[in-house]
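Each chain, letter by letter, is given below.
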Amino acid sequence: RGRFGPNMWTPVINNVVVIFVALLYMATSHSTSADTVSGFGVNLLGIGTTLGIVIQSICLFPIMWRAGFSMRLTFDFRRAEIGEIGRMSGWMFGYVVTQWLGNLVAQRVANSAANSAAHLNPPVTGVGFSAWSYAYQLFQLPYAIVGISVISALLPRMSGHATDRRYSLVRDDFSKGVRLASVIVVPAAVFLAVLGPPLCMLLFAWGSESVPEARYIGQVFGVFSLGLVAFMLTQLQLRVFYSFRENRTPAIIGMVMLIVGVIGDLVALYALPATHTVIGLAVAYDLVTLTGAI
């Protein structure tokens, strides 16, 4: 319907709820370890996080109604749209599985590296999956702010042009999206690659993280940032396929990316010292995004 503003803001509501729940947990529970957290703490975090998603979803209904969209229950499963959705979602499920498997392998490798580092003399901490996870979330931030906004606006237009067989306009939309997102993402990639360590020291060098651990997160983040442009290009190009209702090719591309990622992760595990394994995982992910873009 061409209305993007309200649904872009509803995730903020979710974030506010989750932040409130986190503060409430900090006020009522003093445990910072998964081994000692109470049942009440687990329930508070689980229910609170779910509540944020529920409230976000509820807030979307009046926005849809004001846009002229109405919903009613129907049990006609023989409609052509249902069959089309089924065919597309099967390939989409395949793509999602490849991404999940890639993250699972990275997590297992990072945990293995952390265990090895903990047995060094002297022991080294903060070089496991937590560093990978923090760095990955920061790496996604420029794309989440710029790329998702551009994609949300362009995908309906590209889909309409693809349906009308105006393929030159699809190409123009994709070109415009790449140039618009690159204005922010390309400088951000350079900036974050250089200033990743000091930025993460500012963000993480307190609480349960020490200064060396925060610096290590920054090193992983800086390496991640080198693949930011390729990551953005891959995501934008996937939307071109989706605009043509073509989900099989993205699933195949996802499988190729999974193979490259698993090989890169295993090389990082066996070829690098435990204290550098997670940095190697970030390099492997950069290669994954580059493979997807190519």
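Rules behind the numbers
- Residues numbered from 1 in each chain as written.
- Predicted model: local features only at pLDDT ≥ 70, side-chain atom pairs only at ≥ 80, totals over all residues.
- Heavy atoms only, no water.
- Core = buried A, V, L, I, M, F, W, Y, C linked by side-chain atoms within 4.5 Å.
- Buried < 20%, exposed > 50% of the residue type's maximum accessible area, 1.4 Å probe, protein only.
- Helix = DSSP H or I, 4+ residues; strand = E, 2+ residues; numbered from the N terminus.
- Contact = heavy atoms within 4.5 Å.
- Phe/Tyr/Trp six-rings, centres within 6.5 Å; stacked < 30°, edge-to-face > 60°.

J.: Report on the nonpolar core, specifying residues and quantitative values.
T.: Ranked by internal contacts, the top residues of the largest apolar core, which has 46 residues, are Phe139, Val220 and Phe224. Looking at this core, the element that brings in the most residues is helix α4 (residues 129–163), giving 13 residues. With residues near it in sequence (within four places) discarded, Phe224 still touches Trp132, Ala135, Tyr136, Phe139, Ala282, Tyr285 and Asp286.

J.: Describe in detail the packing of aromatic side chains, supporting the description with residues and values.
T.: Taken as a whole, this structure holds 15 aromatic pairs when the rule is applied. Taking 5.9 Å as the distance between ring centres and 85° as the angle between the ring planes, the aromatic pair formed by Phe139 and Tyr285 counts as edge-to-face. Of the two residues, Phe139 sits in helix α4 while Tyr285 sits in helix α9 (residues 277–293), which places them 146 residues apart along the sequence. Tyr285 carries the same exposure label as Phe139, and that label is buried. Measuring from centroid to centroid gives 6.4 Å for Phe231 and Tyr285, while their planes differ by 40°, and the two rings are tilted. Highlighted residues: Phe231 in helix α7 (residues 228–243) and Tyr285 in helix α9, separated in sequence by 54 residues. When sorted by exposure, Phe231 lands in the same class as Tyr285, which is buried. Within the aromatic cluster, the residues linked to one another by ring pairs are Phe129, Trp132, Tyr136, Phe139, Tyr143, Phe224, Phe231 and Tyr285.

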